[in-house]
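This is what each chain is made of:
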Amino acid sequence: MPNPPPLSFQHKKSLILAKLSVPISEYDDLSPKGSIDIGIRELIDEINATEGCVTTSSCAGRVSVFLEGRRKVEALEGLGVGGEGGNEGEGNGNVDEGGLEGERTNAGVGGKGGGGRWLFVSHDPVPTVLESQGQSENESKSSWTELLGLQRLEGGDEAVQREMESVRDGEMRLVHFKFEPMILHVLTASLPQAQLVLSAALQAGFRESGALNLTSSTTEPATPMVGIRSMGLSLESVIGFESAGREICMVPEWQLKHLVEVTNQRFVENGKRIERFRGLLREMGKCEGKERRGDGGGEWEDKEARRERKRAEGLKRAEELRMGKEVKHDDEMPDLNVLDQNP
């Protein structure tokens, strides 16, 4: 019978499940969306129904347009507003971190923090024909530029180049088009449970997955955290910049549409990997249950028992071979009495 989960794990899981039990209309978290993505709600419920697992943060996958934060620290004239550069999959909120009182923080290398914000976010594929969509958020948009929260300058590329050159060095804030596949963090009650979840993730195609907290600093067993992700499906492209409070598009309409089409294809592959992950978790969970059987349907044995059995079988075969050779040698020895009677 497996050991019960550590008390610390049970406490954390009960708090998380209590929050998830709140009706969707009342649920809120620190992510930009503020709720769990519908696309992986069933997966999360299945994981949380497993005794030794609980999800701590998640994102089903998304396409977004993001204005990066300021590169320099600026003094705030009033109360100010923090940046919105967090990643909902990481569980970060819409506030700057590490800033001094009365200052706005710098953006990091990726542009997050420092007042960065989303111009467009969708957790579902984006329709590629704007005019024929009956959706309220798209039906009034006449171009990809407008749908993605950008503006286009009159005068074409020359006007865009002049505008870019007018922005002072170090103050350029770029606009990024991104696709990010599913990211999921699962707290586990033991190393074997973490290994099961991680193995399922890797086999499903989430190849950049890994585990943390493999050792414990207390008397309780370790409760590893498994991070499930796949950077191979990610996509990022710079499509604009900010100037005088305007987000200016710097690529043509056809390129924006192409980026959306590529992103939609990756949404499909992301969904396939999620379903493979769900299926593998179910199968591995069955193998870890009480009815777990070994090769040929026999009683399951752990690694140490299997090693000892293999050793005993090897010794037995060696002894049988030795005895066989002795019997064969005795059969081949001539009878000396018979030899003496020959003329």
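Above this text is the structure in question.
Residues numbered from 1 in each chain as written. Predicted model: local features only at pLDDT ≥ 70, side-chain atom pairs only at ≥ 80, totals over all residues. Heavy atoms only, no water.

Student: Would you take a moment to explain the sheet that holds strand β10 (residues 235–243) for this structure?
Tutor: Note on sheets: strands pair through backbone hydrogen bonds, and any given pair is parallel or antiparallel. Strand order in the open sheet made by the five strands is β5-β2-β6-β10-β11, with antiparallel pairing throughout. Of all the strands in the sheet, the pair left with one neighbour each is β5 (117–122) and β11 (246–249). Put simply, the sheet's adjacent strands are angled 25 degrees from each other on average, direction ignored. Pairing of strand β2 (residues 62–67) with strand β6 (residues 174–180) involves six bridges; the strand directions are antiparallel. Bridging from a neighbouring strand, Leu67 pairs with Val175 of β6. Along the sheet, helix α5 (residues 156–166) contacts β10 and β11; its crossing angle with β10, the most-contacted strand, is approximately 75 degrees. (Pairing = 2+ DSSP bridges. Helix = DSSP H or I, 4+ residues; strand = E, 2+ residues; numbered from the N terminus. Axes fitted to C-alpha atoms, helices over the stretch in contact; angles between N-to-C directions. Contact = heavy atoms within 4.5 Å.)

Student: I tried to follow the packing of aromatic side chains on my own but got confused; where do I start?
Tutor: Note on aromatic pairs: each is described by the distance of the centres and the angle between the planes. Summed over all chains, the structure comprises three aromatic pairs. Measuring from centroid to centroid gives 5.0 Å for Phe179 and Phe267, while their planes differ by 70 degrees, and the two rings are edge-to-face. Separated by 88 residues along the polypeptide, Phe179 in strand β6 and Phe267 in helix α7 (residues 253–287) bring together distant segments of the chain. (Phe/Tyr/Trp six-rings, centres within 6.5 Å; stacked < 30°, edge-to-face > 60°.)

Student: It is not clear to me how the pairing of strand β1 (residues 53–59) should be interpreted in this structure. Could you clarify?
Tutor: The two faces of a sheet get side chains in turn, since along a regular strand they alternate between them. Of all seven residues making up β1, six are buried, and the element is well covered by its neighbours. Inspection of the sheet shows β1 paired to strand β7 (residues 183–188) by six bridges, in the antiparallel sense. By the bridge assignment, Ser58 is partnered in β7 with Leu184. (Buried < 20%, exposed > 50% of the residue type's maximum accessible area, 1.4 Å probe, protein only.)

Student: Can you walk me through the environment of Trp118 in this structure?
Tutor: Structurally, Trp118 can be placed in strand β5. Separated by 53 residues in the primary sequence, Trp118 and Val65 place their C-alpha atoms 5.9 Å from one another.

Student: Please clarify how the environment of Arg266 should be interpreted in this entry.
Tutor: Mapped onto the elements of the fold, Arg266 is located in helix α7. Here Arg266 falls in the partly exposed class, since its relative accessible area comes to 24%. Once the C-alpha coordinates of Arg266 and Pro181 are considered, the two residues, 85 residues apart in sequence, prove to be 7.9 Å apart. Apart from residues no more than four positions distant in its own chain, Arg266 is found in contact with Phe179, Gly232, Leu233, Ser234 and Leu235.

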